[in-house]
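# Tertiary structure, described
Here are the chains, one letter per residue:
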Amino acid sequence: MIELKNVSKRLGGRDILKDLTLTIPKGVNFVLMGPSGTGKSVTLKHVIGIFKPDSGTVHVDGQDVPSMDRKQLMALRKRMGYLFQNGALINWLTVADNVALPLKEHSRLARSEVDDRVHEVLKLVGMDHAGKQGPPDISGGMKLRAGLARALVTNPEYVLYDEPNAGLDPIISHQIHELIAEVRDRLSVTGLIVTHSRACATQCGDRIGILEDGKLGIEGSVDEIIASDNPLARAFMGSGSD
Amino acid sequence: MNPLAGTTRFLGERTAGAGYVVNLLFRTLINLPRLPRRLRFLLDNSFNAGVRALPVTLVVAAFAGAILAMQTGIELRRFGNTNVLGTITALSMCREMGPFITGVILAATVGSSIAAELGTMKVSDEIDALEVMSIDPVDYLVLPRVIALAVMCPVLTVLSNLVGIFGGSVIAEQNLGVSPDLYWVGAVESLTSSGMLLPKEVYVGLLKSLIFGIAIASVSCAAGLKARGGALGVGLAVQTAVRNSVLLIIVLGFVITWFFYFLA
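Report follows, based on the coordinates. Computed from a predicted model, the values in this text were never measured in an experiment.

This paragraph deals with the overall build of chain A. Looking only at helices and strands, one finds nine helices and 10 strands in chain A. Rg of the C-alpha trace for chain A: 18 Å, near the compact-globule value of 18 Å for 242 residues, within the 12% margin. The principal-axis extents of the C-alpha atoms in chain A amount to approximately 55 × 45 × 35 Å. Looking at chain A as a whole, 52% of its 242 residues qualify as buried. Considering only intrachain contacts with a sequence separation of at least 6, the fraction spanning at least 24 residues in chain A is 65%. A total of about 10,400 Å² of accessible surface is found on chain A, and carbon and sulfur atoms cover 47% of it. In chain A, 29 positive and 30 negative side-chain charges are present, and the distance between their average locations comes to 5 Å.

Let us look at the pairing of strand β4 (residues 55-60) of chain A. For a regular strand, side-chain orientation follows a simple rule: the groups alternate between the two sheet faces. Residue and element names in this part refer to chain A. Pairing between strand β1 (residues 2-11) and β4: five bridges, direction antiparallel. Along β4, the bridge assignment pairs L4 with V58. When β4 meets strand β5 (residues 63-64), the two strands line up antiparallel, connected through two bridges. Counted as the bridge partner of V60 is Q63 from β5. Linkage of β4 to β5, two consecutive antiparallel strands, is achieved through a turn of two residues, within which D61 is found at a positive phi near 50°.

So, about a nonpolar patch on the surface. Residues and elements named next belong to chain B. Nonpolar side chains collect at one region of the surface, where L247, V251, F254, V255, W258, F259, F262 and L263 lie side by side and expose about 850 Å² of accessible area between them. If you trace the backbone, L247 turns up in helix α8 (residues 230-263). Exposure remark for L247: the relative accessible area of 53% places this residue in the exposed category.

On to the interface of chain A and chain B. Across the contact, 23 residues belong to chain A and 23 residues belong to chain B. When chain A packs against chain B, close to 1,900 Å² is buried across both sides, 55% of that on carbon and sulfur atoms. When residues of chain A are sorted by the area they lose upon contact with chain B, A:R70, A:W92 and A:E105 head the list and together hold 32% of the total. Our count for the contact surface shared by chain A and chain B stands at seven salt bridges. For B:E131, the salt bridge is made with A:R77, and the minimal N-O distance between the two is 3.3 Å. Elements that contribute at least two residues to the side of chain A that touches chain B include exactly α2 (70-78), β6 (80-83) and α3 (95-106) of chain A. Here the side of chain A that touches chain B gets five residues from one element, more than from any other, and that element is α3(A). In terms of residue class, the side of chain A that touches chain B is made up of 13 nonpolar, three polar and seven charged.

Nonpolar side chains tend toward joint burial in soluble globular proteins. All names here are of chain A. Counting 47 residues, the largest nonpolar core has M33, V99, M127, Y161, I208 and I210 as the members making the most contacts within it. At seven residues, helix α5 (residues 140-152) tops the list of elements feeding residues into this core. Dropping the residues within four chain positions of it, I210 is found in contact with M33, G34, K215, L216, G217, I218, I225, L232, A233 and F236.

Residue and element names in this part refer to chain B. Under the criterion given, the structure shown has zero disulfides over all chains. Lacking any disulfide linkage, C94 is separated from the closest cysteine sulfur, that of C153, by 14 Å. Of the residues examined, C153 reaches a relative accessible area of 0% and is grouped as buried.

About the cut-offs
Residues numbered from 1 in each chain as written. Chains lettered and ligands numbered in written order. Predicted model: local features only at pLDDT ≥ 70, side-chain atom pairs only at ≥ 80, totals over all residues. Heavy atoms only, no water. Helix = DSSP H or I, 4+ residues; strand = E, 2+ residues; numbered from the N terminus. Rg over C-alpha atoms; globule rule 2.2 N^0.38 Å. Buried < 20%, exposed > 50% of the residue type's maximum accessible area, 1.4 Å probe, protein only. Contact = heavy atoms within 4.5 Å. Areas by Shrake-Rupley, 256 points an atom, 1.4 Å probe, with all protein chains shown as cover. Lys, Arg positive; Asp, Glu negative; His and termini not counted. Charge placed at Lys NZ, Arg CZ, Asp CG, Glu CD. Pairing = 2+ DSSP bridges. Patch = residues over 30% accessible without salt bridge, like charges linked within 9 Å, V, L, I, M, F, W, Y side chains within 5 Å. Salt bridge = Lys/Arg side-chain N within 4 Å of Asp/Glu carboxyl O. Buried area = accessible area lost by both parts, 1.4 Å probe. Nonpolar A, V, L, I, M, F, W, Y, C, P; charged D, E, K, R; others polar. Core = buried A, V, L, I, M, F, W, Y, C linked by side-chain atoms within 4.5 Å. Disulfide = S-S within 2.5 Å.

So, in structure tokens, the structure goes:
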């Protein structure tokens, strides 16, 4: 379970998070929405320990993330996957080498076992044909799928998705959403998904939280948020949104 | 703005920046035992540093040696003492000019490329991606670059020295009427007559180039890792890397010469 309690963070002279409290139970895809600049990505970076809160606490499975030393943080991160907006693939490695990177660095698997595992996750995301290509040679959607394969290759318990459909056309977006839902269902992975997209929230989310002014404006199941009269919920989940 | 507050802020930022570089270098040294795991990157970076900088280093070194011989020779000729031209050119190249030229060229070519590469990785979340995969960017990215430049800077310096001395010999013969035999005997004797394995001029020059290589790589990696704000940030990182590297080369060059020739 991921728990943020009264988290505040000031960046670049601006209060980004103000007393944010958020709980993400295990096994669900929690979708975090909100206007640009309200701290959605900053929230993700607190969960994985890239940022430390100015005040408040961040716990993952009861462990206090901000007080972890480097070793503990590395151990926590081995249990997490993170999908960046553009995939954030290492540019000079092939897709397969990018996906294999966490295994090569942290596991004692034989080369053939690494190759098998890489092939398995690339197949899961529909990228097994593109393992030998480099990141500059593939499309934005393929980069995201490769990034997702890299996030999943270590069998993480949690995956954090930072705008997994940013800049993608509706067809590719739909494929990514289905993939995120499949990851939850097949691998029992807990997901925290940052997005602006109603389609993403409805297709792969279980619960939705919408940030407003650095804190949670409204939270509920997908159906509850869709049915809500709350103006924030209407703005993001109303029929004319997306 | 209050000038005192501005100065304080400027000094504070510079001190923090220097502290970051020192911390980065310290973390790099701590990661040294992991170097065998980075052998492929080390070889790639060494090859890049050597091949990219070699042609321009040799051209500049040849002309620097020629200019040195020309300027010194003009004065020596007034006193009828051009027979020591080989000695002076060889010692000056090995002691100061070779390491300095190599350092500046490495800063401009390899240092700028390191800052641009790491800066681009930083602004496109690739560094954060390494962090969240529990891969230390210092171990993965900085260590092979620092060691590559620490090795390649002395190697290029030796080649610079040789080409610079050769450049001087051409001027000595063509313009100053010094016979090649006299020039080369002077040059070789000055570099071998100390009775030690290497004369002081050579090992001080090589020590300088080793330190220059480490400084250029550390400063450039630090600039890249601190980049932010897209293409503009990467541009500023490159500017910072080259400016600080050249500044450090000059200051460290002075300090090392002072230490070995006036203090030790």
